[in-house]
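Structural overview for review
Spelled out, the chains give:
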Amino acid sequence: DMGLSKADKRFPKKGTILSILSKSINTSKPIKAIIAEDYPQFMTYENEILQMGIAYQTQKKDMNVMDYDDLLVKFLELLHANPDIKETFKNHYDYIMVDEYQDTNMIQAMIIQSVTNNNENILVVGDDSQSIYSFRGAHYENIMKFPDLYPAAKIIKLEQNYRSTQPILDLTNALIAKAKNSYSKTLFTENDDTSKPVLVECESDNAQSKFICKKVLQLREEGVDLKKIAVLIRSGWHSNDLEIELKSH
């Protein structure tokens, strides 16, 4: 009990606190820095969150349990503190393969490096343009620095796209070309189409939902089957307003 009123709704929820503690571990940054950078609205409760972090670690030790972050950190500590165990792992795995490498954090990259054998039989697959998990500690520089860590590495670019049409890829290529740090690549496809993507700016979520409904109705009038129309959304909860608008139509 930290003397916090239950009526005080400004105090972060347990999921948020866990995210703060987890990001601190995965980025090797102090909790104070994580709050300042990503959760400035909770800076008032910095000391309380620090106390909860200490209490959480103590409770886990008392209960003899570990969370996912502990599994990563403790395993890396085990490898660094015990060269013989590290060698056992290196000799055990002939090949290491990692998918979605752009979403690894520093601890994961160090673990991978620690168990890769002396022949450097390692293959990673990833897209430097698709790193979306920085909010939970992903360090996209891992994929950029990979050839420095493994100088004999061969880079194979997968530039043919089977999902999109060329006008969509032309837009994508133009955006990727502006990236400060990236591998140069030009995406192409054999799916020919002259229809260009359209960027529509809406003043609110509801205005966007209404525009989508209007567009769907327009396409239906033009003879497009409703089953052929899809709305792609980055995150599930973004569809809340649209679902209400679709139902009302």
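Please refer to the structure placed before this passage.
A short tour of the structure in this document, coming up. All of these numbers come straight from a predicted model, not from anything done at the bench. (Residues numbered from 1 in each chain as written. Predicted model: local features only at pLDDT ≥ 70, side-chain atom pairs only at ≥ 80, totals over all residues. Heavy atoms only, no water.)

Considerations on the environment of M66
Our working rule: Secondary structure is summarised from DSSP: a helix means a run of H or I of at least four residues, a strand means a run of E of at least two, and numbering begins at the N terminus for each. By definition, residues are in contact when any of their heavy atoms lie within 4.5 Å.
By the secondary structure assignment, M66 is in the loop between α3 (46-63) and α4 (68-81). Residue contacts for M66: discarding those within four places in its chain leaves L71 and K74.

A word on unusual backbone geometry
Using the following cut-off: Buried residues are those whose accessible area, probed at 1.4 Å on protein chains only, stays under 20% of the maximum for their type, while exposed residues exceed 50% and partly exposed ones sit between those limits.
For N64, which is not a glycine, the phi torsion comes out positive at approximately 60 degrees. Along the chain, N64 falls in the loop between α3 and α4. A relative accessible area of 72% means that N64 is categorised as exposed.

Topic: the pattern of salt bridges
Put simply, the test is: A carboxyl oxygen of Asp or Glu within 4 Å of a side-chain nitrogen of Lys or Arg is what we treat as a salt bridge.
Tallied over the full model, the rule gives seven salt bridges. One salt bridge in this structure joins K60 and D70, with 2.8 Å as the shortest N-O distance. With K60 in helix α3 and D70 in helix α4, the pair connects residues that are ten residues apart, well separated along the chain. Residue classification places K60 among the buried residues on the basis of a relative accessible area of 7%.

Focus on the nonpolar core
Heads up, the condition is: Among buried residues, the Ala, Val, Leu, Ile, Met, Phe, Trp, Tyr and Cys ones that are joined through side-chain atoms within 4.5 Å form a nonpolar core.
With twelve residues, the main nonpolar core is built from L79, I96, V98, Y101, A109, I112, V115, I122, V124, I143, F146 and Y150. Mapped onto this core, the elements with two or more residues apiece are β1 (96-98), α6 (106-115), β2 (122-124) and α7 (141-149). Of the residues forming this core, the biggest block, three residues, is contributed by α6. Once residues within four sequence positions are removed from consideration, I122 is found in contact with I96, I112, T116, F146 and Y150. Of all hydrophobic cores here, the second largest spans eleven residues; its members include F11, I20, I35 and Y45.

A few points about the environment of A174
Here A174 is to be found in helix α8 (residues 166-176). Of the residues examined, A174 reaches a relative accessible area of 42% and is grouped as partly exposed. Each C-alpha atom, one on A174 and one on T186, is 9.3 Å from the other, the two residues being twelve residues apart in sequence.

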